[in-house]
Amino acid sequence: MIKRIIADLEVAYDHKPHRLDHVFGVRDIALKFGRQFNCNLEWLEIAALLHDITKYESEEFHRTMIKQYYDDAEMILNEYNTNILHAFSAAVVARTKYGITNEEILNAITHHTIGRPGMSIYEEILFLSDYIEPNRTYESCVRVRKIADHAFVKAIYVAMQDSINHHEKQQALVPNTAYQALQYYQHKLEEQE
Ligand SMILES: [Fe+2]
Ligand SMILES: [Fe+2]
């Protein structure tokens, strides 16, 4: 399965080597966390490899996939901006093309962009790994990467906060789920401290 996915990625990201580097970077970090938290490493690897599989498909592609496969398609299309839709269509491809039915894998792919309240450890790992993988160099990533070394939940919280701030500054639409997730991780962090 993993060999087949990697072969497909090389085709999907033809002429986009940086995306392949990104995906392998996410995979490596996800596996590192997976060992730390005793997760199923194969599930994490599959989720990481597939998380951006539809990144370069058209908006029309994402919309069609979502309408066809999600009962709450209307909510998804209203709530999330275009940049986020690839996560939903990637989960469809995981299900339909690769026959993946494991909910941990599918949910980790679906929620990798902005997260959601009450994520499973697989979702948390993929969300954070996507944010801090080594090819990312902007200031927030570097800072969150350092935090992630010793404080996993805090790193998730700071990544969410920075990403919301960034989008608000650009006056981009921030989905409600992003605020709810931020609030959830703020509570989770307070409980830990
Ligand atoms: Fe993505
Ligand atoms: Fe990604």
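- The name given to the chain in an unreviewed UniProt entry is bis(5'-nucleosyl)-tetraphosphatase (symmetrical), with the source organism recorded as Candidatus Xianfuyuplasma coldseepsis.
- Of the comments in the UniProt record for the chain, the one headed Catalytic activity (unreviewed entry) reads "P(1),P(4)-bis(5'-adenosyl) tetraphosphate + H2O = 2 ADP + 2 H(+)".

### Here we look at the coordination of the iron ion (ligand 1)
So, point 1. Distances from the iron ion (ligand 1) to its protein donors, Asp-52 (OD), His-86 (NE2) and His-112 (NE2), fall at 2.1 to 2.2 Å.
So, point 2. Written as a sequence motif, the donor arrangement for the iron ion (ligand 1) is D-x33-H-x25-H.
So, point 3. Taken as an interatomic distance, the gap from the iron ion (ligand 1) to the iron ion (ligand 2) is 3.5 Å; Asp-52 donates to each of them. On the criterion of sequence distance, the pair formed by His-86 in helix H6 (residues 82–96) and His-112 in the loop between helix H7 (103–110) and helix H8 (121–132) is long-range, its members being 26 residues apart. Across the pair, His-112 and His-86 agree in class, each one buried.

### Comments concerning the coordination of the iron ion (ligand 2)
So, point 1. Only His-22 (NE2), His-51 (NE2), Asp-52 (OD) and Asp-130 (OD) from the protein coordinate the iron ion (ligand 2), and they sit 2.2 Å from it.
So, point 2. Around the iron ion (ligand 2), the four donor atoms sit at angles spanning 83 to 174°, and that spread fits a shape best called irregular.

### Digging into the nonpolar core
So, point 1. One finds Leu-50 and Leu-128 to be the most contacted residues of the largest nonpolar core, which totals 69 residues.
So, point 2. Ranked by the residues each element gives to this core, the list is headed by helix H10 (residues 152–169), at nine residues.
So, point 3. Apart from the residues lying within four places of it in its own chain, the contact partners of Leu-128 are Phe-33, Val-144, Ala-148, Phe-152, Ala-155 and Ile-156.

### Considering the packing of helix H2 (residues 17–36) against helix H3 (residues 41–50)
So, point 1. Where H2 meets H3, the closest approach of the two axes is 9 Å, and the angle between their N-to-C directions is 155°. Classified by the interaxial angle, the pair formed by H2 and H3 is roughly antiparallel. In this structure, H2 crosses over H3, and the sense of that crossing is right-handed. Contacts between H2 and H3 pair Val-23, Phe-24, Val-26, Arg-27, Ala-30, Leu-31, Gly-34 and Arg-35 from the former with Leu-41, Leu-44, Glu-45, Ala-48 and Leu-49 from the latter.

### Side note on unusual backbone geometry
Excluding glycine, most residues fall at negative phi; most peptide bonds, likewise, are trans.
So, point 1. Here Asn-38, not a glycine, exhibits a phi torsion of approximately 55°, which is positive.
So, point 2. For Asn-38, the location among the structural elements is in the loop between H2 and H3.
So, point 3. Of the residues examined, Asn-38 reaches a relative accessible area of 73% and is grouped as exposed.

### Thoughts on the UniProt feature "domain: HD/PDEase" (unreviewed entry) in the chain
So, point 1. Using the residue numbers shown here, the UniProt feature "domain: HD/PDEase" (unreviewed entry) corresponds to residues 15–144.
So, point 2. Helix makes up 68% of residues 15–144 and strand 0%. Its end C-alpha atoms lie 29 Å apart.

### Considerations on the packing of H8 against H10
So, point 1. As a packed pair, H8 and H10 sit with axes 10 Å apart at the nearest point and diverge in direction by 55°. Comparing the axis directions of H8 and H10 gives the class oblique. The element H8 and its partner H10 pack so that their crossing is left-handed. Facing Ile-121, Glu-124, Ile-125, Phe-127, Leu-128 and Tyr-131 of H8, the residues of H10 in contact are Phe-152, Ala-155, Ile-156, Ala-159, Met-160, Asp-162 and Ser-163.
So, point 2. A class-by-class count of the residues in the contact of H8 with H10 yields 10 nonpolar, one polar and two charged.

### Re H2
Every α-helical turn comprises 3.6 residues, leaving residues that sit three or four positions apart pointing alike.
So, point 1. An ideal rise of 1.5 Å per residue puts 28 Å on 20 residues; H2 measures up with 29 Å between its terminal C-alpha atoms.
So, point 2. Within H2, the full set of buried residues consists of Arg-19, Leu-20, His-22, Val-23, Gly-25, Val-26, Arg-27, Ile-29, Ala-30, Leu-31, Phe-33 and Gly-34.
So, point 3. The elements touched by buried residues of H2 are helix H1 (2–12), H3, H8, helix H9 (139–148) and H10.
So, point 4. The first or second residue beyond H2 is Asn-38, which carries a positive phi of 55°.

### Considering the side chain of His-62
So, point 1. As for its position among the elements, His-62 is in helix H4 (residues 59–69).
So, point 2. Owing to a relative accessible area of 4%, His-62 belongs among the buried residues under this scheme.
So, point 3. For His-62, the residues in contact, after removing those within four places along its chain, are Thr-54, Glu-57, Leu-85, His-86 and Ser-89.

Conventions and cut-offs
- Residues numbered from 1 in each chain as written.
- Chains lettered and ligands numbered in written order.
- Predicted model: local features only at pLDDT ≥ 70, side-chain atom pairs only at ≥ 80, totals over all residues.
- Heavy atoms only, no water.
- UniProt positions renumbered as here; feature names shortened; annotations may be inferred.
- Donors = N, O, S within 2.8 Å, 3.2 Å for Na, K, Ca; no water.
- Helix = DSSP H or I, 4+ residues; strand = E, 2+ residues; numbered from the N terminus.
- Buried < 20%, exposed > 50% of the residue type's maximum accessible area, 1.4 Å probe, protein only.
- Tetrahedral: all angles 85-135°; square planar, octahedral: opposite > 155°, others 65-115°.
- Core = buried A, V, L, I, M, F, W, Y, C linked by side-chain atoms within 4.5 Å.
- Contact = heavy atoms within 4.5 Å.
- Axes fitted to C-alpha atoms, helices over the stretch in contact; angles between N-to-C directions.
- Parallel < 35°, antiparallel > 145°, perpendicular 65-115°, else oblique.
- Left-handed = near helix turned anticlockwise from the far one by under 90°.
- Nonpolar A, V, L, I, M, F, W, Y, C, P; charged D, E, K, R; others polar.
- Expected span 1.5 Å × (residues − 1).

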